[in-house]
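These are the residues of each chain, in order.
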Amino acid sequence: MTTSAPMATPPACAGRVVITGGTGFVGRAAVAAFAGRGNPVTVVDRSAHPDPTVRSVVGELTEPGVVADAVAGGDVAGVVHLAAMTSVLRSVEHPVATYQANVAVTQDLLEGCRQAGVGRFIMASTNAVVGDAGHATVDEAASLRPLTPYGATKAAGEMLLCGYAGAYGMATCALRFTNIYGPGMGHKDSFVPRMMRAALAGRGVQIYGDGLQRRDLVHVDDAVAAVLAAWDRRFTGTAIIGSGQSVTVLELLDAVRTVTGCALPVEHVAAKPGEMPAVIVDISRAREQLGYRPSVSLIDGLATVWQDFAAAGAPLNATAPLNATVDSSTLHNSVVVTPSVVVTPGTGGPDR
Ligand SMILES: NC(=O)c1ccc[n+]([C@@H]2O[C@H](COP(=O)([O-])OP(=O)(O)OC[C@H]3O[C@@H](n4cnc5c(N)ncnc54)[C@H](O)[C@@H]3O)[C@@H](O)[C@H]2O)c1
């Protein structure tokens, strides 16, 4: 997909933004950013947004009528589609439900937008659409070879966006996020919150293999800045949104030690077959076409997560199972919290 001609729409800050998944981790940050600059916001999620001044459509997007309610009203300028089945492991266990949640819902939303004359549509995609690229640096031209139903359904969603841009002139875009981290992820099961739980609980972590697996982590503030830029520029196409600087699991662990002041002792355990050796991304397109400039350093970003966890005061979700996986692209984590919680960023972890 390439950037399309602009359509006649209200100024960027004027129109209503419908944010699916707006009570989730990224969703709450996106709602705050859009509302904070004056866009009216409607959240569509299974539960109401905690801020009662934010309009909420509460429902299950796979149920009839919810999509129509979401884009009704005549003042909707666009949709930021964040709702998804985000667990890689669950996607493997439940491929049909994953299709319904990630493909059928995206199609229904696109069609609802087309029928309602809503011209902007931004979808949260993932680097997992590419699969295992070894240590290669991945850009948007990489072939799509997803390894899981999660990655495959996100890739399918990207194709639907492409078709609606081509056929109907809608400004549709897929932002392929790497691992997003930041405050508000206490309910998540990815490797940063697992490390934070281990620190809070005074436990150690197990790392699969040598810990030299590389991952790209992007702070939620930078992820949301990319969403705003895509909205404002009516960006059409695909862009990778990451920090552009991958770190090893061991480097990440050191950064968490620095931020938390906790020892986080490590036990290396046998590597998992199939774990992706690296996620290394090129963010040049986002820089050039969105003016995207990731601005939160890993240390500063982890400090925001630690403050959030420390404020919560107790280990959240500390009973996560040993060997549950972490990030989206692969099936195994690289880190486990000992003695009972896994922390690794491996091949496609449980929660993205
Ligand atoms: N967090 C990451 O590291 C990451 C990385 C790459 C891509 N993404 C994508 O970004 C998006 C947001 O992720 P997140 O981390 O905020 O996830 P999250 O699980 O915190 O939030 C998702 C929200 O969507 C809602 N939702 C899901 N399916 C729904 C349905 N059928 N009907 C109504 N509501 C539904 C959930 O209730 C939840 O509030 C997802 O599309 C995810 O695939 C996230």
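Above this text sits the structure in question.
Residues numbered from 1 in each chain as written. Predicted model: local features only at pLDDT ≥ 70, side-chain atom pairs only at ≥ 80, totals over all residues.

Student: I'd like a rundown of the overall build of the protein, residues and numbers included.
Tutor: Along its length, the protein carries 10 helices and 16 strands. For the protein, with 352 residues in total, the buried portion stands at 58%. Counted over contacts in the protein with a minimum sequence separation of 6, partners at least 24 positions apart contribute 76%. (Helix = DSSP H or I, 4+ residues; strand = E, 2+ residues; numbered from the N terminus. Buried ≥ 20, exposed ≤ 12 C-beta atoms within 10 Å, placed from the backbone. Contact = placed C-beta atoms within 7 Å.)

Student: Before we move on, can you summarise the site of the ligand with the specific residues and values?
Tutor: What surrounds the ligand is a group of 24 residues, the closest being Gly21, Gly24, Val26, Ala84 and Ala124. Contributing elements (two or more residues each) for the shell around the ligand: α1 (25–36), α4 (95–116), β5 (120–126) and β8 (179–181). A total of 3 residues in the shell around the ligand trace back to one element, the largest contributor, which is α1. For the shell around the ligand, a count of residues per class yields 11 nonpolar, 9 polar and 4 charged. (Near = placed C-beta within 6 Å. Nonpolar A, V, L, I, M, F, W, Y, C, P; charged D, E, K, R; others polar.)

Student: Tell me about the pairing of strand β10 (residues 214–219), and name the residues and values.
Tutor: Summarising burial for β10: 5 of the 6 residues are buried, a large majority. Sheet topology places β8 next to β10; 3 bridges connect them, and they run parallel. Looking at the pairing, Tyr181 lines up with His219 of β10. Relative to strand β12 (residues 246–248), β10 runs antiparallel, the two being bridged by 3 bridges. Residue pairing across strands places Arg214 opposite Thr248, the latter belonging to β12. (Pairing = 2+ DSSP bridges.)

Student: Give me the lowdown on the environment of Thr172, citing residues and values where you can.
Tutor: Turning to its location among the elements, Thr172 is positioned in strand β7 (residues 171–177). According to the C-beta neighbour criterion, Thr172 is buried, with 32 such atoms within 10 Å. Separated by 58 residues in the primary sequence, Thr172 and Ala230 have C-alpha atoms spaced 9.4 Å apart. With near-sequence residues (within four places) excluded, Thr172 lies in contact with Phe121, Leu161, Tyr164, Ala165 and Thr236.

Student: So, helix α10 (residues 298–312): which residues are in play, and what are the values?
Tutor: For α10, spanning 15 residues, the distance from its first C-alpha to its last is 21 Å, which sits close to the expected 21 Å at 1.5 Å a residue. Within α10, burial applies to Leu298, Gly301, Leu302, Val305, Trp306 and Phe309. Along the axis of α10, the buried positions cluster into a sector of 140 degrees, meaning they face one direction only. The exposed residues of α10 that point more than 90 degrees off its buried face are Asp300, Gln307 and Ala311. Against the buried residues of α10 lie β8, α6 (191–201), β10, β12 and α8 (249–260). Just past α10, the residue Gly313 takes up positive phi, approximately 85 degrees. (Expected span 1.5 Å × (residues − 1). Arc of directions from axis to C-beta.)

Student: Summarise the sheet that holds β8; cite the residues concerned and give the values.
Tutor: Here 3 strands make up an open sheet; going across it, the order is β8-β10-β12 and the pairing mixed. At either margin of the open sheet sits one strand with a lone partner, and together these are β8 and β12. Averaged over all neighbouring strand pairs, the angle between strand axes comes to 50 degrees, with direction disregarded. Helix α7 (residues 220–232) contacts β8 and β10 of the sheet and is inclined by roughly 70 degrees relative to β10. (Axes fitted to C-alpha atoms, helices over the stretch in contact; angles between N-to-C directions.)

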